[in-house]
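One letter stands for each residue in the lines below.
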Amino acid sequence: METYDALLASITPTSGPTRTILDPATGEAVGEAPVHTVEDLEHAVKAAQEAQPAWAALGHEGRSAAILKATEAVERSAEELAQLLSREQGKPLNGPNARFETGACAAWLRAAATTPLEPETIVDDGGTRAEVHYRPIGVVGAIGPWNWPMMITVWQIAPALRMGNAVVVKPSEHTPLSVLALIRVINEELPEGLVSVVSGGRGVGARLAEHPAIGKITFTGSTATGKAIIKSSADTVKRLTLELGGNDAGIVLPDADPKAIAQDLFWGAFINTGQTCAALKRLYVHEDIYDAVCQELTAVAAAMPMGNGLDENNVLGPLQNKSQYDIVANLVDAARNSGARILLGGNPDTDQPGYFYPATLVADIDNDNPLVTEEQFGPALPIIKYSTVDQAVAMANGLDVGLGASVWSSDLPAAREVAARIQAGTVWINKHGVVDPRIPFGGAKQSGYGLEFGVEGLKALGVPQVING
Ligand code: NAD
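A.B. asks: How would you sum up the sheet that holds strand 4 (residues 129-136)? Please name residues and give values.
C.D. replies: The sheet built from three strands is open, its strands ordered 3-4-20 with antiparallel pairing. Every interior strand has two partners, whereas the edge strands, strand 3 (120-124) and strand 20 (462-468), have only one. The sheet shows a mean angle of 25 degrees between the axes of neighbouring strands, taken without regard to direction. Strand direction decides the pairing type here: strand 4 and strand 20, joined by seven bridges, are antiparallel. Among the inter-strand pairings, Ala130 is bridged to a residue of strand 20, identified as Asn468.

Structure follows, in structure tokens:
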């Protein structure tokens with residue numbers, strides 16, 4: 001087993017320009033990341049092109065066996081990976097955070113290796129036999145964000161590899177070390193050049209999105225960048241899977257039990273300290289139970305320790321970077337100035353090092369307040385009162401994004417009826433943001449298109465080919 005120091009040393013560049021990555025909890029250096037250029041990208045693309053045909057030729061069985069070995073490598077290094085992730089991203093080791101994320105990496109790799117995908121016979125009537133097969137695309141580009149850097153990289157690369165593709169990964173410039181370390185570990189079991197990481201900035205991402213040798217981009221990040229990628233990829237008619245921003249609504253129906261749902265509501269909103277695409281970002285509560293829900297949620301949130309991620313006691317961490325901290329702080333200040341009521345938090349300790357913003361609950365807030373209409377992507381939840389279910393559904397559907405949503409009720413059939421009226425890629429009932437490698441996940445409206453996970457996720461990383469005859 002490798003130590004944390006050995007893992008970090010193995011990804012530290014020995015030549016070329018580097019950038020010091022700082023711990024968002026302390027401001028201290030975590031490590032040095034390479035600063036790759038479009039020239040490095042060209043090398044990675046060439047290596048991927050060379051490695052891909054032999055990988056494709058292994059077939060599903062051979063590729064699955066290699067991916068399973070890579071899964072075991074991740075499991076062997078899980079603790080060291082979690083330590084690095086915690087230092088670089090800020091998320092605590094404990095709670096649904098860093099160890100949870102490395103566990104998810106193994107789970108999604110294993111699922112990609114073991115999900116069956118057979119050719120589909122569409123017509124077989126004696127005269128015509130038509131089958132759909134899924135062929136490798138070639139080289140896939142994976143561009144990712146900083147909030148769940150390891151898990152999202154696996155979401156992108158695992159199905160791509162299973163389907164016979166090579167991958168060039170472009171991690172966020174905020175969290176390159178986590179992705180470099182993860183891929184270094186995975187590469188212990190994969191052929192050279194098949195997966196490489198180009199640790200560059202936005203320009204490198206833009207070049208990847210327009211590169212003629214790249215057949216598909218899987219992108220997870222903001223809606224604004226997603227739109228830029230659609231444009232960059234147009235000239236080469238690239239396939240795209242876009243998992244973009246969200247502003248998920250939760251609707252609490254009048255028959256819900258405030259005490260029973262408070263803990264799940266909290267984690268639905270505050271998982272990864274709110275820096276989660278499909279986190280609950282606007283909570284609509286019926287007026288009959290509004291005060292009770294506010295009270296129970298405040299009690300749960302007030303008891304959650306926030307601090308340095310390496311301290312086992314903590315379950316909430318800092319914001320990952322200064323710009324995200326400023327977004328959250330400005331939105332809460334604006335909400336307060338508009339007359340909204342701060343139930344908890346909203347009072348960061350500015351003398352403390354690190355980008356810590358306390359868990360914040362904001363009540364009596366208008367539905368058109370920016371804390372409601374913009375993606376806060378941090379630990380600040382607006383709670384909006386409603387009178388009729390029609391009104392709640394209209395407010396939930398009132399934005400141009402639709403990643404996830406949730407309905408909370410003791411009456412499952414009633415909750416399902418409300419769920420069917422919400423414009424979102426996933427609607428959870430009595431939970432929020434719970435993803436599963438067997439269940440397809442994707443956005444509606446400007447939260448993106450294409451599905452990840454399960455058999456649909458595998459198909460998305462292949463080129464459908466019909467054999468008719
Ligand atoms: P971002 O869009 O700023 O950056 C994401 C990645 O895109 C980075 O690697 C960045 O370098 C790269 N990039 C930037 N400009 C580019 C360009 N013109 N061409 C190609 N690549 C470019 O997003 P972020 O701030 O890192 O992540 C937060 C956002 O991601 C939030 O909106 C969140 O909701 C969203 N997100 C969505 C999902 C999902 O599954 N739908 C999951 C996680 C995060």
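A.B. asks: Report on the domain arrangement of the chain, specifying residues and quantitative values.
C.D. replies: Parsing the chain into structural domains produces domain 1 (4-244 + 447-468) and domain 2 (248-429). The centre of domain 1, based on its C-alpha atoms, is set 30 Å off from the matching centre of domain 2. Each partner contributes to the interface: domain 1 provides 26 residues, whereas domain 2 provides 27 residues. A combined buried area of about 2200 Å² lies between domain 1 and domain 2, and 56% of that area is made up of carbon and sulfur atoms. Area buried by domain 1 at its contact with domain 2 is led by Pro24, Trp146 and Ser447, which between them contribute 25% of it. The interface formed by domain 1 and domain 2 contains one salt bridge. When the shortest N-O distance is used, the salt bridge between Arg99 and Glu312 registers 2.8 Å. At the boundary of domain 1 and domain 2, one finds 13 residue pairs in polar contact (both at pLDDT 80 or more). A per-element tally of the side of domain 1 that touches domain 2 places helix 4 (residues 78-89) first, with five residues. Tallied by class, residues from the side of domain 1 that touches domain 2 come to eight nonpolar, 13 polar and five charged.

A.B. asks: Can you lay out the environment of Leu93 for me, pointing to particular residues and giving the numbers?
C.D. replies: Mapped onto the elements, Leu93 comes out in the loop between helix 4 and helix 5 (98-114). Here Leu93 falls in the buried class, since its relative accessible area comes to 3%.

A.B. asks: So what about the environment of Gln446? Which residues, and what values?
C.D. replies: Note on placement: Gln446 falls in the loop between strand 18 (444-445) and strand 19 (448-449). Here the alpha-carbon distance between Gln446 and Val362, two residues 84 residues apart in the chain, equals 26 Å. When residues no more than four places from it in sequence are discounted, the contact partners of Gln446 are Thr223, Lys227, Leu244, Gly245, Asp400 and Val401.

A.B. asks: Which residues make up the packing of helix 1 (residues 4-11) against helix 4, and what values do they have?
C.D. replies: Contact geometry for helix 1 and helix 4: axes closest at 9 Å, N-to-C directions at 70 degrees. Between helix 1 and helix 4, the crossing angle belongs to the class labelled roughly perpendicular. Helix-helix and strand crossings are classified by hand; for helix 1 and helix 4 the assignment is right-handed. Contact residues: Tyr4, Leu7, Leu8 and Ile11 in helix 1; Glu80, Leu81, Gln83, Leu84 and Arg87 in helix 4. A per-class count over the contact of helix 1 with helix 4 returns six nonpolar, one polar and two charged.

Reading the values: rules and limits
Residues numbered from 1 in each chain as written. Predicted model: local features only at pLDDT ≥ 70, side-chain atom pairs only at ≥ 80, totals over all residues. Heavy atoms only, no water. Pairing = 2+ DSSP bridges. Helix = DSSP H or I, 4+ residues; strand = E, 2+ residues; numbered from the N terminus. Axes fitted to C-alpha atoms, helices over the stretch in contact; angles between N-to-C directions. Domains from an automatic or database assignment. Contact = heavy atoms within 4.5 Å. Buried area = accessible area lost by both parts, 1.4 Å probe. Salt bridge = Lys/Arg side-chain N within 4 Å of Asp/Glu carboxyl O. Polar contact = N/O pair within 3.5 Å; in protein donor to acceptor, adjacent residues only side chain to side chain. Nonpolar A, V, L, I, M, F, W, Y, C, P; charged D, E, K, R; others polar. Buried < 20%, exposed > 50% of the residue type's maximum accessible area, 1.4 Å probe, protein only. Parallel < 35°, antiparallel > 145°, perpendicular 65-115°, else oblique. Left-handed = near helix turned anticlockwise from the far one by under 90°.

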